Amino acid sequence: MNKLLVMIFLLNMVPVANGYGQREINVDFSNEIATIKDLLGVNRDPGGMNRDPGEKILGYQETGITTIRLHDDRFNDYQYYSEFWQLDTGSNSFSILNTDFDPTNSAHYHWDTFDLKLSTIIDHNFEVYFRLGISWPNSSLYPTPPLQPPLDPDGAHFTKFAELCKRTVMHCNDGWDDGFDYNFQYWEIWNEPGGIFWDGTPMQFYQMYEAVSRALKAYNPELKVGAPGAVPATIVIPQKAYFHNFLQYLSDNHAPLDFYSWHLYGAKNPYGIKYWADYVRDVLDSLGFVDAESHITEINCDLHETGVVMEDNALGAAYLLSNLITAQEAPVDKMFWYPGLQLVDSDSLNAPRLKWNAYGMKTFSLTFENTPVQIHATGSDVVEGHWQADTTNFMVLAAKSKDANKLYLAISNYKSNYQDYEIHFNHLPWDSDDKIKVTKNFVKEPLDKFSKHVSYMAGGSTLDITINDMPSPSITFIRLERQTSTGIRQGSTTPKFFHMDQNYPNPFNPSTTIRFYLPQDTHVALKVFDVTGREVATLVEGEMAAGNHEVTFEPQDVTNGLYFYQLTAG
């Protein structure tokens, strides 16, 4: 019996355009890069000290957030849960040092709000990254924090404050004073709000950090302790000197540092993460901190310089996803978006729970959740321009599951010039008789907030998907899932039925590959025709064995246009 299959391809002999993006994405399933890093962190808990977390917790969970850095929530600010400072009711400020404070006396601590808030966070399965110190003032809601360093009454040492910090760790991790056994790992030594270090000097900050870090490490060497260079010198772009001086001080005094925390604001080009992370890593290594982790503890950008921190739109979502993708290729161990509340609607009972920006985080979360093995993707991850300037980049993150039955692709079209793409998945471990479920989610204005489209296609070692509506700015998320009753790939290399794949690439220049599958030995003819029916080329003519086959078509002296290829077997 003769079997005939006709498929269409577009031959494009025009050279690929040199622009800000390319019209192809090539994903190599067999080329593993690394395990995807968990960078799903945000600043601030879902509710804040005086707010009901309610729907915000559900929003955080839906977004996929795993870790919360305690930031500006006050309950973890030590002046609220300890009697280190006295409240001056006249000025509504903590401006008086309590000389009677005994950091070892449990009666000098008040844990009620502290315990309630921590329990809420833990009960909803978030990890805690503890910022140990004082937050920036918010005098409209809270008493003003002290504007001087937490020195001992002698004005020269930080022993009481170091003991207070140790007792905070003991309360959280080891049950001291009716506390918990949370086993929080990361402790960021922090103090705001003003000046270089309040009314003191950077040297006082360095000395304070040294006193606290030594106390914590002496108590439990397994704790991870770190800090920024000085406040407000946490933003590395304008404050290089404080970064260098802080690390130099620690190196000279052999003080412990398990991680360095830094902020990145104002970098419109998401590739700025790579530039600055490389810089931080180089300085850490040069001063002997080769094992210290690098944490971006706050990141954000006003993309339009309107005074609004991170607009709630598709551009913001694509920017956030591009940052997460870039950080995979940078020496960054943790990253925390600031603030997390920008991802969840403030009135989610009467509005969609997730803001636009949240879908950048959610797309990364889904890519990371069940497919932790990053694989190689090229073709359109092009970054143009200087790292400090605005950019027209297009970024891709591809991953697969450990069982090889799922493939996920996160695409951020931040500001490219194109919206039509051919996506080629190569070296897939799937058979032609497998059924592949294809789920596509889109984040693009005006209405698509993670809109979903599901289809099915035949399997094979190569699959091609065309997306003709991926404009800038937008996010596209593609999930390929092999559908079998057992979830285990069959080892047979002989196809069960006659089948031919779409050629790839398509359009192509200068060559394309055609794959076909024969269930038995047979005579085969593979020919190419133009739209008038004129034969252009004979690629195969003769007997062929059962199995999987591929042929490369590299035409000469053929004009641009639409062509057909025909396979006859039997």
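Refer to the structure presented above.
Residues numbered from 1 in each chain as written. Predicted model: local features only at pLDDT ≥ 70, side-chain atom pairs only at ≥ 80, totals over all residues. Heavy atoms only, no water.

S.K.: Just checking my understanding: could you explain the side chain of Asn357 for this structure?
M.R.: As for its placement among the helices and strands, Asn357 is situated in the loop between β12 (334-337) and α9 (358-369). A relative accessible area of 1% means that Asn357 is categorised as buried. For Asn357, the contacting residues outside a window of four places in its chain are Met310, Glu311, Asp312, Asn313, Gly316, Ala317, Leu320, Gln342 and Leu343. (Helix = DSSP H or I, 4+ residues; strand = E, 2+ residues; numbered from the N terminus. Buried < 20%, exposed > 50% of the residue type's maximum accessible area, 1.4 Å probe, protein only. Contact = heavy atoms within 4.5 Å.)

S.K.: Can you help me understand the sheet that holds strand β4 (residues 67-69) in this one?
M.R.: The strands that make up a sheet are held in pairs by hydrogen bonds between backbone atoms, and each pair lies either parallel or antiparallel. Taken together, the 8 strands give a closed barrel; going around it, the order is β3-β4-β7-β8-β9-β10-β11-β12, and neighbouring strands pair in parallel fashion. Geometrically, the sheet is characterised by an average inter-axis angle of 25° between neighbouring strands, direction not taken into account. Pairing analysis gives 3 bridges linking strand β7 (residues 127-132) to strand β8 (residues 186-189), with the strands arranged parallel. Bridge assignment links Leu132 to a residue of β8, and that residue is Ile189. Across the sheet, helix α8 (residues 314-328) lies against β11 (293-300) and β12, angled at about 170° from β12, the strand it touches most. (Pairing = 2+ DSSP bridges. Axes fitted to C-alpha atoms, helices over the stretch in contact; angles between N-to-C directions.)

S.K.: Explain the pairing of strand β23 (residues 522-530) here, please?
M.R.: Every regular strand shows the same layout, with side chains that alternate between the two sheet faces. With 7 of its 9 residues buried, β23 lies for the most part within the structure. When β23 meets strand β24 (residues 535-544), the two strands line up antiparallel, connected through 8 bridges. In the strand pairing of β24, Thr522 is matched with Met544. Taken together, β23 and the strand that follows it, β24, pair antiparallel across an intervening segment of 4 residues, in which Gly533 is found at a positive phi of about 95°. Bridge count for β23 against strand β26 (residues 561-569) is 7 bridges, and the pairing is antiparallel. Residue Val528 lies in a different strand from β26, and its bridge partner there is Tyr565.

S.K.: Teacher, can you tell me more about the environment of Pro429 here?
M.R.: Following the sequence through the fold, Pro429 ends up in the loop between β16 (421-426) and β17 (435-444). In this structure Pro429 comes out as partly exposed when scored by relative accessible area, which is 22%. Remark: the alpha-carbon pair of Pro429 and Phe29, spanning 400 residues in sequence, is separated by 8.2 Å.

S.K.: Would you mind going over the packing of aromatic side chains with me for this structure?
M.R.: To describe a pair of aromatic rings, you give the distance between the ring centres and the angle between the ring planes. Counting across every chain of the model gives 43 aromatic pairs. Ring plane angle 70° and centroid distance 5.0 Å describe the contact between Trp111 and Phe114, whose orientation is recorded as edge-to-face. In this structure Phe114 comes out as buried when scored by relative accessible area, which is 1%. Above the plane of the ring of Trp176 lies Arg167, whose end atom (NZ or CZ) is 5.0 Å from the centre. The ring of Phe442 is capped by Lys444, whose NZ or CZ atom sits 4.7 Å from the centre of that ring. (Phe/Tyr/Trp six-rings, centres within 6.5 Å; stacked < 30°, edge-to-face > 60°. Lys NZ or Arg CZ within 6 Å of the ring centre and 35° of its normal.)

S.K.: Honestly, the packing of helix α3 (residues 112-123) against helix α4 (residues 159-173) in this entry has me stumped. Any pointers?
M.R.: For any two helices packed against each other, the geometry is given by the interaxial angle and the distance between the axes. Look at α3 against α4: their axes get within 12 Å of each other, and the N-to-C directions meet at 50°. With respect to α4, the axis of α3 lies oblique. Between α3 and α4 lies a crossing whose hand is right-handed. Only Thr168, His171 and Cys172 of α4 make contact with α3, whose side of the interface consists of Phe114, Asp115 and Leu118. Per-class residue counts for the contact of α3 with α4 are 3 nonpolar, 2 polar and 1 charged. (Parallel < 35°, antiparallel > 145°, perpendicular 65-115°, else oblique. Left-handed = near helix turned anticlockwise from the far one by under 90°. Nonpolar A, V, L, I, M, F, W, Y, C, P; charged D, E, K, R; others polar.)

S.K.: I tried to follow the side chain of Ser119 on my own but got confused; where do I start?
M.R.: Locating Ser119 in the fold gives a position in helix α3. At 3.4 Å, the side chain of Ser119 forms a polar contact with the side chain of Tyr182. Ignoring any residue separated from it by four or fewer positions in sequence, one finds Ser119 in contact with Phe180 and Tyr182. (Polar contact = N/O pair within 3.5 Å; in protein donor to acceptor, adjacent residues only side chain to side chain.)

S.K.: Would you take a moment to explain the nonpolar core for this structure?
M.R.: Soluble globular proteins tend to pack their nonpolar side chains together in the buried interior. Within the largest apolar cluster, 112 residues are counted, with the highest numbers of intra-cluster contacts made by Phe246, Leu247 and Leu257. It is α8 that provides the largest number of residues to this core, a total of 10 residues. Excluding anything up to four places from it in sequence, Phe246 contacts Phe205, Tyr206, Tyr209, Ala227, Pro228, Gly229, Leu257 and Tyr260. Counting residues in each nonpolar core, the second largest holds 26 residues, with Phe29, Val438, Ile467 and Leu480 among its members. (Core = buried A, V, L, I, M, F, W, Y, C linked by side-chain atoms within 4.5 Å.)

S.K.: Would you mind showing me how to read helix α6 (residues 240-253) here?
M.R.: Residue pairs three or four apart in sequence face the same way in an α-helix, which turns once every 3.6 residues. For α6, built from 14 residues, the straight-helix expectation of 20 Å at 1.5 Å per residue is met to within 8% by its first-to-last C-alpha distance of 20 Å. Along α6, the positions that sit buried rather than exposed are Phe243, Phe246, Leu247, Tyr249 and Leu250. Along α6, the residues classed as buried sweep out an arc of 155° about the axis, all on the same side. Here the buried face of α6 lies against α5 (202-219), β9 (224-227), β10 (259-265) and α7 (272-286). Looking one or two residues beyond α6, the residue adopting positive phi is His254, at roughly 55°. (Expected span 1.5 Å × (residues − 1). Arc of directions from axis to C-beta.)

S.K.: Please clarify how α5 should be interpreted in this entry.
M.R.: Taking 1.5 Å as the rise per residue, α5 with 18 residues should run 26 Å; its terminal C-alpha atoms sit 26 Å apart, in good agreement. Every buried residue belonging to α5 is among Gln204, Phe205, Tyr206, Met208, Tyr209, Glu210, Val212, Ser213, Leu216 and Lys217, and all of these are buried. Elements in contact with the buried residues of α5: β7, α4, β8, β9 and α6.

S.K.: What exactly am I supposed to notice about the pattern of salt bridges here?
M.R.: Once their charged atoms are close, side chains differing in charge can pair, the charge on each being opposite to the other. Applying the stated criterion across every chain, the model contains 16 salt bridges. For the salt bridge of Lys217 with Asp258, the shortest nitrogen-to-oxygen distance reads 2.9 Å. You can see Lys217 sitting in helix α5 and its partner Asp258 sitting in the loop between α6 and β10, a full 41 residues away along the chain. A residue is classified by how much of its surface remains accessible, and Lys217, at 18% relative accessible area, is buried. For Asp258, a relative accessible area of 19% gives the class buried. Salt bridges sharing common partners tie together Glu62, Arg353 and Lys362. (Salt bridge = Lys/Arg side-chain N within 4 Å of Asp/Glu carboxyl O.)

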